[in-house]
Structure formats: C-alpha cells, structure tokens
Amino acid sequence: MAQPVHFIGVDLGGTTVTAAAVNVISGQVVGRHQIPTLAKEGHDAVMARMAGLIHTVISDAGLSQADVGGIGIGAPGMLDLERGLTLFLPNLPGAWRNVPLKATIEAKVGLPVYLLNDVRSFTLGEKTFGAGRDVDTMACLAIGTGIGGGLVINGQLHLGIGGTAGEVGHQIIDPYGPPCGCGSRGCLEAFASGPAITAMALKAITQGLTTSIGEIVSYDLNKVTPEVVYQAAQAGDPIARDIYERAGFYIGIGVANLITILSPQMVVIGGGVAKAGDLLFDPIRRAARERVHVTPIEKVQIVPAQLGTDAGLIGVAVWASLRLRSGQALRFGD
Ligand SMILES: [Zn+2]
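Everything numeric in this text was worked out from a predicted model, so none of it was measured.

### Description of the pairing of strand β11 (residues 266-270)
With 5 of its 5 residues buried, β11 lies for the most part within the structure. Bridge analysis of strand β8 (residues 138-143) against β11 gives 5 bridges, and the strand direction is parallel. Along β11, the bridge assignment pairs alanine 139 with valine 267. In this structure, β11 lies alongside strand β12 (residues 301-304), joined through 4 bridges in parallel fashion.

Written out as structure tokens, the structure reads:
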C-alpha cells in the first residue's frame with residue numbers, strides 16, 4: 001500500500017505549540033492550530049496537551065487517523081533522534097532531560113513519531129518547498145532569539161553526530177568576543193541575534209547618542225526590540241541603520257565561512273530578525289563578497305526564507321515521511 005500523503009507537523013516552541021496536517025507531496029498545510037506551551041506545568045502536561053492538539057488537527061483537517069502516515073515534532077534543542085528523547089531544551093522551563101517524547105506521543109495518539117531539531121526542520125522545509133527547492137546544496141540560518149541553522153548536502157539534510165550539524169550561530173567570529181550561552185566566547189549569536197541587536201540599541205541610548213529609538217518606546221527601555229530598531233532605521237535614524245549594518249556585517253562573516261567550507265548554491269536566511277530585509281541582507285552580501293576568495297561567490301545566492309513561520313512544521317512533517325519510508329534508519333534519500 002502507498003504511504004499516506006498527510007503527515008502531522010508539530011513545532012514545539014518556548015511559548016506556543018503549533019501543529020498542522022501537511023501534504024508532503026504538495027506542501028499544502030491544513031488544519032493549523034496553536035496552543036500555549038505553558039512549559040512551567042512540566043513535560044507531562046505539555047505532552048498531554050500536544051496529543052490533544054494533534055487529535056484536533058487531524059479532525060479539523062477532515063482526516064481520519066488512517067489517512068495520516070505519522071507525526072514529526074520539531075523541538076528547540078538537543079535530542080536523541082534514535083531513541084526519541086529530548087536531551088536539553090534551553091528555552092523551555094522544566095526538566096526535559098531524557099524525556100521520552102517520541103514514545104509518549106506514540107502511545108497517546110497511536111501513530112509513529114519522529115523528532116528533529118526545530119531549525120533543522122526549518123531547513124528541510126525550505127529545501128523541500130521553499131527557497132531551496134531547486135538547489136541540492138545549501139546552508140540555512142534562522143536569526144531570532146538565537147541563531148540556529150541547518151545544512152543540506154547533495155539533496156540530503158546533513159545531520160552530523162546525533163543531528164548536531166548546522167549550529168552556525170556558534171561558529172566563533174572573535175575568539176576574544178563576549179561570552180555566549182553555549183559556554184564559548186565570541187560566537188556569531190553573541191554579535192548578531194535579536195538580543196544582540198537590542199543590546200546595541202540600549203547601549204547607544206544610555207551613551208546618550210542622538211537616536212530616535214528611545215523616543216519610539218517613550219523611553220521605556222524594556223520595550224526596545226529588533227523591530228523597534230528596524231522602525232527607526234526605516235525612518236532614516238543613522239544609529240539604528242548602523243546597528244543593522246553591524247549585525248549584517250557579522251552575519252556576513254559567518255556566511256563567508258559557511259560558503260568557504262560548504263560551497264553551497266544557496267544560503268537561506270530566515271527568522272524574525274531577517275524581516276529587516278535589505279537593511280540586513282545588503283551588509284551580509286557585501287561582507288560575504290569581500291571575504292570569500294577561493295569559492296565562486298557570484299554563483300552563491302544569499303536569499304530570504306520563503307515559507308514564513310510554517311517552515312518548521314512543514315519540514316518536520318517531511319522528515320517524518322522520509323523516516324517512515326526509510327524504516328528507522330537516520331540516513332535517508334536513497
Ligand atoms: Zn555559542
């Protein structure tokens with residue numbers, strides 16, 4: 001019997017859990033629902049709500065359980081892909097060490113479940129139905145609270161050891177740079193993530209530089225976000241423009257490293273901070289052009305992601321279909 005075309009993609013985030021039924025042949029998303037994660041209540045409560053959410057999605061998509069091939073869950077952190085455990089989810093309060101997420105949801109829903117890191121899920125979504133659908137080697141960056149990423153090599157998501165490949169935000173840009181949450185120093189994430197952009201803005205305001213950023217938030221500095229800095233930059237504020245210029249410069253250095261190592265046809269950049277568009281992409285492309293010398297940089301496209309916030313749940317649904325097709329093996333595509 002042919003494999004069903006519908007798989008459920010679940011995006012487990014720090015504040016919300018989103019799920020939908022994904023047609024893994026067309027990329028169409030139906031029955032999308034979102035609930036608060038409420039991670040403070042503990043992993044058992046979160047997993048019980050996830051199972052309820054999956055049942056709601058299946059019925060709202062007009063499907064029965066037999067129409068669904070399986071479930072993919074994208075989770076923000078380190079996972080044991082073979083055993084289906086969460087190992088470390090830094091953005092979710094509560095103990096998530098060695099939690100049997102796969103087995104628990106399988107028992108509650110009665111369908112096969114496969115886990116994948118959330119940004120690797122985003123990468124596979126963009127590869128299959130988004131910006132990267134016509135290329136076979138690409139690097140992805142998702143720039144938000146942190147900087148995550150993923151790699152596709154010769155048409156396959158590159159997992160590395162335990163799915164840890166593609167942590168592009170933790171490449172070291174300056175060995176003497178600021179400490180990073182991962183335990184190292186001077187990682188790209190410490191220079192160009194959303195919080196790094198906010199920190200640059202706060203520093204400019206407290207130094208008394210002439211900028212409209214403070215005015216926009218009525219000097220309530222808790223309200224300064226990358227989006228506020230973007231607004232100021234769009235209105236021509238030179239300090240705000242300079243902040244995006246600097247963030248883009250650092251990301252461009254990181255992208256230059258990726259291009260030099262991987263020689264990809266495409267670098268795809270998504271996440272909330274990437275919504276700044278040319279303000280960020282211009283300095284990224286400029287820095288990459290200046291720093292890449294041994295790879296034909298003119299053949300590398302540096303482009304925005306295309307699938308928006310659904311990229312992760314689309315990608316992880318595709319992941320579930322690939323895993324199911326290849327049995328339990330973690331290498332797929334052959
Ligand atoms: Zn780091």
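The rest of the description comes next.
### Topic: the environment of proline 90
Inspection of the secondary structure puts proline 90 in the loop between β6 (85-88) and α2 (101-109). Using a count of 13 C-beta atoms within 10 Å as the deciding quantity, one classes proline 90 as partly exposed. Sequence spacing of proline 90 and alanine 21 is 69 residues, and the spatial spacing of their C-alpha atoms is 27 Å.

### A closer look at the nonpolar core
Ranked by size, the top nonpolar core spans 101 residues in total, and within it Ile8, Val10, Ile71, Ile73, Val267 and Ala317 carry the most contacts. Counting residues per element, this core draws most heavily on helix α8 (residues 238-262), which supplies 11 residues. Looking at which domains feed residues into this core, each of domain 1 (6-117 + 310-325) and domain 2 (131-306) gives three or more. Discounting residues that sit within four places of it in the chain, alanine 317 has contacts with Phe7, Ile8, Gly9, Val22, Val24 and Gly72.

### Re the domain arrangement of the protein
When cut into domains, the protein gives domain 1 (6-117 + 310-325) and domain 2 (131-306). Computed over C-alpha atoms, the centres of domain 1 and domain 2 are 28 Å apart. At the interface, 6 residues of domain 1 touch 4 residues of domain 2. For the side of domain 1 that touches domain 2, the secondary structure elements donating two or more residues are β5 (78-80) and β7 (113-117).

### Let's talk about α8
Between its first and last C-alpha atoms α8 spans 35 Å; for 25 residues at 1.5 Å apiece the expected length is 36 Å, and the two agree. Of the residues trailing α8, serine 263 is marked for its positive phi of about 45°.

### Structural notes on the sheet that holds strand β9 (residues 147-153)
The mixed open sheet is built from 5 strands, whose spatial order is β10-β9-β8-β11-β12. Strand pairing shows two members of the sheet lacking a second neighbour, β10 (156-158) and β12, which therefore form its edges. Neighbour-to-neighbour, the strand axes of the sheet open up by a mean angle of 25°, direction not taken into account. The sheet contacts of helix α3 (residues 118-129) involve β8, β9, β10 and β11, and relative to β9 the element is tilted by about 45°.

Conventions and cut-offs
Residues numbered from 1 in each chain as written. Predicted model: local features only at pLDDT ≥ 70, side-chain atom pairs only at ≥ 80, totals over all residues. Buried ≥ 20, exposed ≤ 12 C-beta atoms within 10 Å, placed from the backbone. Helix = DSSP H or I, 4+ residues; strand = E, 2+ residues; numbered from the N terminus. Pairing = 2+ DSSP bridges. Core = buried A, V, L, I, M, F, W, Y, C linked by C-beta atoms within 7 Å. Domains from an automatic or database assignment. Contact = placed C-beta atoms within 7 Å. Expected span 1.5 Å × (residues − 1). Axes fitted to C-alpha atoms, helices over the stretch in contact; angles between N-to-C directions.

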